[in-house]
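A look at the structure
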Amino acid sequence: AQWGADESLRRAATSYGQVQLGFVHHTVSSNSYTASQVPAMIRGIYAYHVQAEGWNDIGYNFLIDRFGQTWEGRYGGMDKAVVGAQTLNSNAWSTGFSAIGNFDVAAVPQAMTDAFKRIFAWKLSLSGIPATGTVFANDKYFQRISGHRDGFQTACPGRYLYAKMDEIRAGAAALIGAQPRSTACT
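Model, not experiment: these values are computed from the prediction.

Now for the nonpolar core. In summary, soluble globular proteins display a tendency toward joint burial of nonpolar side chains. Among the nonpolar cores identified, the biggest contains 36 residues, and Ile42, Met112, Phe116, Phe120, Leu124, Ile145 and Leu161 are the most heavily contacted of them. Among the secondary structure elements, those contributing two or more residues to this core are helix H1 (38–52), strand E2 (62–64), strand E4 (94–99), helix H2 (110–126) and helix H5 (165–178). With seven residues, the top contributor of residues to this core is H2. Dropping the residues within four chain positions of it, Phe116 is found in contact with Val24, His25, Ile64, Phe97, Ser98, Ala99, Leu161 and Ile168. Grouped together as the second largest cluster of nonpolar side chains are six residues, Leu21, Val135, Ala137 and Phe142 included.

The predicted model of the protein averages 94 in pLDDT, with 96% of residues at 70 or higher. Low pLDDT, under 50, characterises residues 181–186; the predicted model gives this stretch one contact beyond four residues in sequence or across chains.

Right, let's get into the packing of aromatic side chains. Applying the stated criterion to the full structure yields nine aromatic pairs. Ring geometry for Phe23 against Phe142: centres 5.8 Å apart, planes inclined by 85°, an arrangement best described as edge-to-face. Of the two residues, Phe23 is situated in strand E1 (residues 21–26) and Phe142 in strand E6 (residues 140–143); the sequence distance between them amounts to 119 residues. Phe142 matches Phe23 in its accessibility class, with the two residues each being buried. A connected cluster of aromatic rings, assembled from ring pairs, spans Phe62, Phe97, Phe116, Phe120 and Trp122. If you follow Arg10 out to its NZ or CZ, it ends over the ring of Tyr75, 3.7 Å from the centre.

Attention shifts here to H5. With 14 residues, H5 extends 20 Å between its outermost C-alpha atoms, agreeing within 8% with the 20 Å of an ideal straight helix rising 1.5 Å per residue. Along its buried surface, H5 packs onto E1, H2, E6, strand E7 (145–147) and helix H4 (159–162).

Right, let's talk about unusual backbone geometry for a bit. The omega torsion of the bond from Cys156 to Pro157 falls at 15°, within 30 degrees of zero and hence cis. You can see Pro157 is positioned in the loop between helix H3 (148–151) and H4. A positive phi angle is found at Val28, which is not glycine, with a value near 55°. Unlike most non-glycine residues, Asn138 shows phi in positive territory, near 50°. Relative to the helices and strands, Asn138 is located in the loop between strand E5 (134–137) and E6.

Parameters and conventions
- Residues numbered from 1 in each chain as written.
- Predicted model: local features only at pLDDT ≥ 70, side-chain atom pairs only at ≥ 80, totals over all residues.
- Heavy atoms only, no water.
- Core = buried A, V, L, I, M, F, W, Y, C linked by side-chain atoms within 4.5 Å.
- Buried < 20%, exposed > 50% of the residue type's maximum accessible area, 1.4 Å probe, protein only.
- Helix = DSSP H or I, 4+ residues; strand = E, 2+ residues; numbered from the N terminus.
- Contact = heavy atoms within 4.5 Å.
- pLDDT = per-residue confidence, 0-100.
- Phe/Tyr/Trp six-rings, centres within 6.5 Å; stacked < 30°, edge-to-face > 60°.
- Lys NZ or Arg CZ within 6 Å of the ring centre and 35° of its normal.
- Expected span 1.5 Å × (residues − 1).

Structure representation (structure tokens):
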């Protein structure tokens, strides 16, 4: 609702899978936008994914702007394992977060990097998944937090964002480790 999604564009009911890992993407759009332009940019991405690509909804589960604000993307519940359309042949067992901008040509703002750490820590912890280590899927090993290029032949998420992957993994792992543990007794 915050970015003004036209819910009538969605083509099908939400599908649910599981979260075994998360993929990092970039939208390959402008890097010099203002905070007030972000909702319109997301609406444009949504319209492109549904109307031009023929997808059921926006492809990404979440989008992160250069100011570090995280936006819900695909409909169906932020705390659920909503199947996105972000990484071909991997959508049913992953989640996808996209940086708004082109990070093959520009440095990644620290606010954006920190937002990736927070959203991965939260989302992976919901499924009891660590932020570091590997998982075997589609006949190969993936880092628990991987770049789109690790799962599909693409330059995404751009060379500068891909260079931040170790920092994002370590930061998310630190945040997961800092979360309070349940003290309930059985």
